[in-house]
Amino acid sequence: SVCPQLTLFFFWQGNELGNNGARKLCSALRYNKSLTILEIGANALTGADAGTAIAGLLTQNQTLTTLDLRWNQLGDAGTVVLADCLPSNHTLTSLGLRKNAITDRGADALATALKSAAQLYAKQQAEAAAAVAAADAERESTTSDYANNRSSGGGGGRGGGIGVMNNSIKVSALVCIDIKFNSVR
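Residues numbered from 1 in each chain as written. Predicted model: local features only at pLDDT ≥ 70, side-chain atom pairs only at ≥ 80, totals over all residues. Heavy atoms only, no water.

### As for the overall build of the chain
The condition that has to hold: Elements are defined by DSSP. Helices are runs of H or I of four residues or more, strands are runs of E of two residues or more, and each kind is numbered from the N terminus. Think of it in three bands: residues with accessible area under 20% of the maximum for their type are buried, residues over 50% are exposed, and the middle band is partly exposed, with areas taken using a 1.4 Å probe on protein chains only. Accessibility throughout is a Shrake-Rupley quantity obtained with a 1.4 Å probe, and a residue counts as covered only by protein chains that appear here.
What the chain contains, in helices and strands, is 4 helices and 5 strands. Going residue by residue from the N terminus, the α and β elements of the chain occur as β-α-β-α-β-α-β-α-β. Counting the 185 residues in the chain, one finds 37% classified as buried. Looking at the chain as shown, the accessible area adds up to about 10,000 Å², and 54% of this sits on carbon and sulfur atoms.

Shown next as structure tokens:
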């Protein structure tokens, strides 16, 4: 991992990172395990090419909470690509897209991504609740069988093979998207 202790990366305004630089930077930071804030605003990032580079970072990096892309030119093409990866990102809480030539098409893609993340969350909540209920029912059945001194088929007092469940649910954590000063109606 590049710079394993790196938590903040500010590369703001006038550096002209461009799409090629964004590809290289995002590739280098993909597996960083400490980066929480990345600010690469006003760096001539444009269109789907920049969106693809950033989406690649967001699909792999599991620590980034704030991404500031203000004052670039991602436009709708870059925003749509970026929006597609948001439901699968579980750590990003703030996304700055101010002044990025985004219109209704890009804003709709962001709204759809957030709705998709909410639906995924609801589905995962329901699945987790059903799994917990099934495990509780199995535990009650096993307890009842043992209380009546009968074998429940689990044998050896193992409780019918009930394992430990991981109740953590991973969904999009995104709570703030700043799209001010774009062409959204």
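### A few points about the nonpolar core
Selection rule: By nonpolar core we mean a set of buried residues, namely Ala, Val, Leu, Ile, Met, Phe, Trp, Tyr and Cys, connected to one another through side-chain atoms within 4.5 Å.
With 32 residues, the main nonpolar core has Leu38, Leu45, Leu58, Leu67, Leu69 and Leu95 as its most contacted residues. Looking at this core, the elements with two or more residues in it are helix 1 (18-29), helix 2 (47-60), helix 3 (75-85) and helix 4 (104-147).

### Considerations on the side chain of Asn61
Convention followed: We call two residues in contact whenever any of their non-hydrogen atoms come within 4.5 Å of each other.
Relative to the assigned elements, Asn61 resides in the loop between helix 2 and strand 3 (66-68). When neighbours within four sequence positions are excluded, Asn61 is seen to be in contact with Leu29, Arg30, Asn32, Leu35, Asn89 and Thr91.

### A short note on the sheet that holds strand 4 (residues 94-96)
As a reminder, the rule being used: At least two DSSP bridges between two strands are required for those strands to pair. Axes here refer to lines fitted to C-alpha atoms; in helices the fit is confined to the stretch in contact. Angles between the N-to-C directions go from 0 to 180 degrees.
Strands sit in the order 1-2-3-4-5 across an open sheet of 5 strands; the sheet is parallel. Here the strands that pair on one side only, and so sit at the sheet edges, are strand 1 (8-10) and strand 5 (176-178). Across the sheet, the mean angle separating the axes of adjacent strands is 5° when strand polarity is ignored. Strand direction decides the pairing type here: strand 1 and strand 2 (residues 37-39), joined by 3 bridges, are parallel. Looking at strand 2, one finds that Phe9 is bridged to Leu38.

### Here we look at the environment of Arg23
Heads up, the rule is: For this analysis, a polar contact is any N or O atom pair within 3.5 Å, provided that within protein one partner can donate a hydrogen and the other can accept it, and provided that sequence-adjacent residues contribute only side-chain to side-chain pairs.
Within the element layout of this structure, Arg23 appears in helix 1. Contacts of Arg23, omitting those with residues within four sequence positions, involve Asp49 and Ala53. For Arg23, the side chain forms a polar contact with the side chain of Asn20, separated by 3.1 Å. Polar side-chain contacts of Arg23 include one of 2.6 Å to the side chain of Asp49.

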